[in-house]
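So the chains spell out like this:
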Amino acid sequence: MITEGLKGRDFITLRDFTKEEIDTMLDVALQLKADMTMRRRHDDILPMRTLFMMFFNPSLRTRNSFEAGIFQLGGHGHFLQPDATRLPTLEGEDQGYGSERISDVARVLSSMGDCIAIRILGDKVGWEYDKSLKIIQEFAKWSKVPVINMEDNKYHPCQGMADVMTLRELFGRDLRGRKLGVTWTWGSSPKKPIAPHHDFMYAASFYGADIVFARPPEMHIDPEIEAAIKENVELNGGSYSVVENMEDACENADIVYAKNYVCLDLLPPVTSKPEPDEMVKLFAKYKGWIADEKRMLMAKPTVQYMHCLPCERAAEVTDYVLDSKWGNACFNEAENRLHAQKGVMACIIP
Ligand code: CP
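Scoring rules and cut-offs
- Residues numbered from 1 in each chain as written.
- Predicted model: local features only at pLDDT ≥ 70, side-chain atom pairs only at ≥ 80, totals over all residues.
- Heavy atoms only, no water.
- Helix = DSSP H or I, 4+ residues; strand = E, 2+ residues; numbered from the N terminus.
- Rg over C-alpha atoms; globule rule 2.2 N^0.38 Å.
- Buried < 20%, exposed > 50% of the residue type's maximum accessible area, 1.4 Å probe, protein only.
- Areas by Shrake-Rupley, 256 points an atom, 1.4 Å probe, with all protein chains shown as cover.
- Lys, Arg positive; Asp, Glu negative; His and termini not counted.
- Charge placed at Lys NZ, Arg CZ, Asp CG, Glu CD.
- Domains from an automatic or database assignment.
- Contact = heavy atoms within 4.5 Å.
- Salt bridge = Lys/Arg side-chain N within 4 Å of Asp/Glu carboxyl O.
- Nonpolar A, V, L, I, M, F, W, Y, C, P; charged D, E, K, R; others polar.
- Pairing = 2+ DSSP bridges.
- Axes fitted to C-alpha atoms, helices over the stretch in contact; angles between N-to-C directions.
- Near = heavy atom within 4 Å.
- Polar contact = N/O pair within 3.5 Å; in protein donor to acceptor, adjacent residues only side chain to side chain.

For the rest of this paragraph, the subject is the overall build of the protein chain. When helices and strands are counted, the protein chain shows 12 helices and 11 strands. Scaling as 2.2 N^0.38, a compact globule of 350 residues should have a C-alpha radius of gyration of about 20 Å, and the protein chain matches this with 20 Å. Projected onto its principal axes, the C-alpha positions of the protein chain cover 55 × 50 × 35 Å. The buried share among the 350 residues of the protein chain stands at 58%. Summing over all exposed atoms, the protein chain offers an accessible surface of approximately 14600 Å²; the carbon and sulfur share of this is 53%. Side chains of the protein chain give 42 positive and 52 negative charges; the mean places of these two sets differ by 3 Å.

In structure tokens, the structure reads:
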């Protein structure tokens, strides 16, 4: 396994890695997936390593794929129960005996184990867009071992890896000529993260796909990430365009990636406080935005639906789309969280 240059690195955003480095981690992930299919063990890759997992938000896929993954590599996943741990805080936010500075938590955990993985987003940081990433970066600054981002408000790099692994299994390494119809959908609550959209499109932008992104005018993504996606498609072939109706994204698509996410303009720092009621009102204008049979039938006959899950049925996607052959890739995408993260851990954990 050639992982030169990756050992000891943090995995906080895909933007910290080159295409070649992402490919290396994906190659390892695919090999580990093939091993499992053949029932070949690989618990000699990270024997005796401990992964500390800090989840401030709920999780099914991320939690279980990391815990199963580190075990299959020969190590141990240690889940830190948030309620049983003092709140890790940034300098200036200390709460007496109720909190412990991130600089202290990171130094203590990294003296006892081999990797620290963190999920923090949404209401856990008062919906302050940049704050959750800042917290993870603060952990990385003080930790002696690699830090993995298990999702913040802006990035979900583990999801991006699983997404692009799923695309590679469907179409091969080269996505040139493949249309990815990516779209915002309606959702009943103002809580769903934008990070999976960011990292789906950012990861895919390395491989020459034609990304057609549909969203209502108010639902733009982070302009900085959009600029990075555009730069990538220019460098690697493919294209990126924004449209304002789902049909243009779905028509003749190889993939329909459809999910709801929050409106950045109704969250801090753009507004001084989160505006959940305003967001629900805004979403209501676009209630018909759903991945349904009619739209899937506009795509190629081989089209697959993708979503990071959990999804809101009857809001983001119909039962029929998710439960028919169209939904197969979505569940492979969820399974690939296990393999992709094993690829990442095998490459970065010393
Ligand atoms: N896609 C994803 O991150 O799922 P969980 O929230 O269940 O971890």
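Moving on from the model shown.
The subject of this paragraph is the domain arrangement of the protein chain. By domain assignment, the protein chain separates into domain 1 (14–154 + 338–348) and domain 2 (159–334). Computed from C-alpha atoms alone, the centre-to-centre distance between domain 1 and domain 2 is 25 Å. With 26 residues of domain 1 in contact, the opposing surface of domain 2 contributes 36 residues. Where domain 1 meets domain 2, there are eight salt bridges. Measuring nitrogen to oxygen at the nearest pair gives 2.9 Å for the salt bridge that ties E169 to K33. Mapped by element, the contributors of at least two residues to the side of domain 1 that touches domain 2 are α1 (19–37) and α12 (328–348). A total of nine residues in the side of domain 1 that touches domain 2 trace back to one element, the largest contributor, which is α1. Residues that form the side of domain 1 that touches domain 2 fall into these classes: 13 nonpolar, three polar and 10 charged.

Moving on: the sheet that holds strand β2 (residues 76–80). Pairing in this open sheet of four strands is parallel, and the strands run β2-β1-β5-β6 from one edge to the other. One side of each edge strand has no neighbouring strand; the edge strands of this open sheet are β2 and β6 (147–149). Along the sheet, successive strands turn relative to each other by an average axial angle of 20 degrees, direction set aside. Sheet topology note: the strand β5 (residues 115–119)/β6 ladder contains three bridges and is parallel.

With that settled, the discussion passes to the site of the ligand. Within the structure, the ligand sits among S59, L60, R61, T62, R119, H156, Q159, C308, L309 and R337. Between the ligand and the protein, one listed contact pairs an oxygen atom with a side-chain N or O atom of T62 at 2.6 Å. The protein chains hide 93% of the 260 Å² of surface that the ligand would expose on its own. Counted by class, the shell around the ligand contains three nonpolar, four polar and three charged residues. Structurally, the shell around the ligand is a two-domain feature, drawing no fewer than three residues from each of domain 1 (14–154 + 338–348) and domain 2 (159–334).

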